[in-house]
Amino acid sequence: MADKQISLPAKLINGGIAGLIGVTCVFPIDLAKTRLQNQQNGSRLYTSMSDCLIKTIRSEGYFGMYRGAAVNLTLVTPEKAIKLAANDFFRHHLSKDGKLTLFKEMLAGCGAGTCQVIVTTPMEMLKIQLQDAGRIAAQRKLMPETVAAGTVETKSPTAMQLTRELLREKGIAGLYKGLGATLLRDVPFSIIYFPLFANLNELGKRGADGPAPFYVSFISGCLAGSTAAVAVNPVDVIKTRLQSLNRGSTEDTYSGVTDCIRKIMRNEGPAAFLKGAYCRALVIAPLFGIAQVVYFLGVGEFILSFLPKKDN
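Everything quoted here is computed from the prediction, not taken from an experiment.

Reading the values: rules and limits
Residues numbered from 1 in each chain as written. Predicted model: local features only at pLDDT ≥ 70, side-chain atom pairs only at ≥ 80, totals over all residues. Heavy atoms only, no water. Helix = DSSP H or I, 4+ residues; strand = E, 2+ residues; numbered from the N terminus. Rg over C-alpha atoms; globule rule 2.2 N^0.38 Å. Buried < 20%, exposed > 50% of the residue type's maximum accessible area, 1.4 Å probe, protein only. Contact = heavy atoms within 4.5 Å. Areas by Shrake-Rupley, 256 points an atom, 1.4 Å probe, with all protein chains shown as cover. Lys, Arg positive; Asp, Glu negative; His and termini not counted. Charge placed at Lys NZ, Arg CZ, Asp CG, Glu CD. UniProt positions renumbered as here; feature names shortened; annotations may be inferred. Expected span 1.5 Å × (residues − 1). Salt bridge = Lys/Arg side-chain N within 4 Å of Asp/Glu carboxyl O. Patch = residues over 30% accessible without salt bridge, like charges linked within 9 Å, V, L, I, M, F, W, Y side chains within 5 Å. Core = buried A, V, L, I, M, F, W, Y, C linked by side-chain atoms within 4.5 Å. Phe/Tyr/Trp six-rings, centres within 6.5 Å; stacked < 30°, edge-to-face > 60°. Polar contact = N/O pair within 3.5 Å; in protein donor to acceptor, adjacent residues only side chain to side chain. Axes fitted to C-alpha atoms, helices over the stretch in contact; angles between N-to-C directions. Left-handed = near helix turned anticlockwise from the far one by under 90°. Arc of directions from axis to C-beta.

**Quick word on the overall build of the chain**
- In terms of regular secondary structure, the chain is built from twelve helices and zero strands.
- Ordered by position from the N terminus, the helices and strands of the chain form the series α-α-α-α-α-α-α-α-α-α-α-α.
- In terms of C-alpha radius of gyration, the chain reaches 21 Å, essentially the compact-globule figure of 20 Å for 312 residues.
- Here the C-alpha coordinates of the chain stretch approximately 70 × 40 × 35 Å along the principal axes.
- In the chain, buried positions account for 50% of the 312 residues.
- At a minimum sequence separation of 6, the contacts of the chain that also span at least 24 residues come to 80%.
- Here the chain displays about 15000 Å² of accessible surface, and carbon together with sulfur accounts for 66% of that area.
- In the chain, 36 side chains carry a positive charge and 24 a negative one; their mean positions are 2 Å apart.

**Regarding the UniProt feature "transmembrane region" (unreviewed entry) in the chain**
- Following the UniProt record, the feature "transmembrane region" (unreviewed entry) maps to residues 12-29 and 283-307 here.
- The span residues 12-29 is 100% helical and 0% strand by assignment, and the distance between its end C-alpha atoms comes to 26 Å.
- Taken end to end, residues 283-307 is 84% helix and 0% strand, and its first and last C-alpha atoms sit 35 Å apart.

**Observations concerning helix α11 (residues 277-297)**
- The terminal C-alpha atoms of α11 lie 30 Å apart, and with 21 residues this matches the ideal 30 Å at 1.5 Å per residue to within 8%.
- Of all 21 residues making up α11, 16 are buried, and the element is well covered by its neighbours.
- Just beyond α11, the residue with positive phi is Gly298, at close to 75 degrees.

**Topic: the pattern of salt bridges**
- Under the defined criterion, the tally for this structure stands at 17 salt bridges.
- A salt bridge links Asp30 to Lys33; the shortest N-O distance between them is 3.9 Å. With Asp30 and Lys33 both in helix α1 (residues 8-38) and three residues apart, this pair spans about one turn of that helix.
- The buried category is assigned to Lys33, whose relative accessible area is 2%.
- For the salt bridge of Arg241 with Glu268, the shortest nitrogen-to-oxygen distance reads 3.0 Å. Linking Arg241 in helix α9 (residues 233-243) with Glu268 in the loop between α10 (257-267) and α11, this pair joins segments that are 27 residues apart in sequence.

**Some remarks on a nonpolar patch on the surface**
- On the surface, Phe214, Tyr215, Phe218, Ile219, Leu223 and Leu297 cluster together into a nonpolar patch covering about 630 Å² of accessible area.
- The element best represented in the nonpolar patch is helix α8 (residues 214-231), accounting for five residues.
- Examined against the element boundaries, Leu223 turns out to sit in helix α8.

**A few points about the nonpolar core**
- Grouped together as the largest cluster of nonpolar side chains are 45 residues, with contacts concentrated most on Met49, Phe189, Tyr193 and Ile284.
- At the level of secondary structure, the elements contributing two or more residues to this core comprise α1, α2 (49-60), α3 (69-94), α4 (102-142), α5 (159-170), α7 (179-203), α8 and α11.
- Sorting elements by how many residues they give to this core places α11 first, with nine residues.
- Apart from residues lying up to four places away in sequence, Phe189 is in contact with Lys83, Gly225, Ala228, Ala229, Val232, Arg280, Ile284 and Phe288.
- Residues Ala181, Val237, Ile238 and Phe273 belong to the second largest nonpolar core, which totals nine residues.

**Focus on the packing of aromatic side chains**
- One pass over the structure, following the stated rule, counts eleven aromatic pairs.
- Considering the side-chain rings of Phe214 and Tyr215, the 6.0 Å spacing of their centres and the 85 degrees angle between planes classify their relative orientation as edge-to-face.
- Here the aromatic cluster, defined as three or more aromatic residues joined through ring pairs, consists of Phe189, Tyr193, Phe194, Phe197 and Phe288.

**Considerations on the side chain of Asn233**
- Here Asn233 is to be found in helix α9.
- A relative accessible area of 0% means that Asn233 is categorised as buried.
- Side-chain polar atoms of Asn233 contact the backbone oxygen of Lys275, separated by 3.1 Å.
- The contact partners of Asn233, leaving out residues within four places of it in the chain, are Gln37, Phe273, Leu274, Lys275, Gly276, Ala277 and Arg280.

**Concerning the packing of α8 against α11**
- Look at α8 against α11: their axes get within 7 Å of each other, and the N-to-C directions meet at 145 degrees. At the point where α8 passes α11, the crossing takes the right-handed sense. Mapping the contact onto sequence places Phe214, Ser217, Phe218, Gly221, Cys222, Gly225, Ser226, Ala229 and Val230 in α8 and Ala277, Arg280, Ala281, Ile284, Ala285, Pro286, Phe288, Gly289, Ile290, Gln292, Val293 and Phe296 in α11.

**Focus: α5**
- The end-to-end C-alpha distance of α5 is 16 Å, a good match for the 16 Å that twelve residues give at a rise of 1.5 Å each.
- Taken residue by residue, α5 has Leu162, Thr163 and Leu166 as its buried positions. Looking straight down α5, one finds that the buried residues subtend no more than 100 degrees of arc, so they occupy a single side. Opposite the buried face of α5, at more than 90 degrees from it, the exposed residues are Met160 and Arg168.

Set out below in structure tokens:
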């Protein structure tokens, strides 16, 4: 098993396709999660995920639920490709020296989570601004007391406009705002997710060496993904708050992770760290279930099989 070679290009293709399919399916729930997490006391516009989606459709139309989807779909391909392929890469090399222990599985997940933030941080930064723009616009109409006096309503920016503005004002660091919080979320997530998935998937194998059926991989991905998602949700709330650039006049601003934690605890209480946990679990569960099915079906290997092989 340890000697089995892995095809990194195939793994990258698998991860990219898995990300595209998964994000397309669950993006509206992810939008609801972002808006719920950004709500602060005194400016609560949505009471639940379903209330958020209903109000979004009413005020912004059906495609309002897909604000920021273009950014996510563009960057999720390299993000998921890096995450899934890096985990496989680290597991493969860590298993060369013997049995892949739980500690080594967690170490591989740690490596995968660290690698992915290169793409995840700017992707989340842009996506959050686009997703939350509708909440700010709705507050301006329905809760004008939460908007600073004299504020002029502006058209929602595009991803390219946001990118140019951030690069012009703050350089590359502008796109990497919230990097520390992203690391604090994605590294623990991967440490929990990958070993849990691998062990759950192992239980469903047809034999000692046979692969698990696709439905076992799907269920394992859903269970491991939702467990890891809820476990790191408090850090996801912090990351979302830190990366949001536009706020109502009554909403807090934060200078860093510690300041964010302190203000949330003081003004909203510990329960605020669980905002959007239900939505996040609903997003991550099918996202990783779908990802693992695509990954284990070997779509990338199938595509590469049509390419001409080099003669040795």
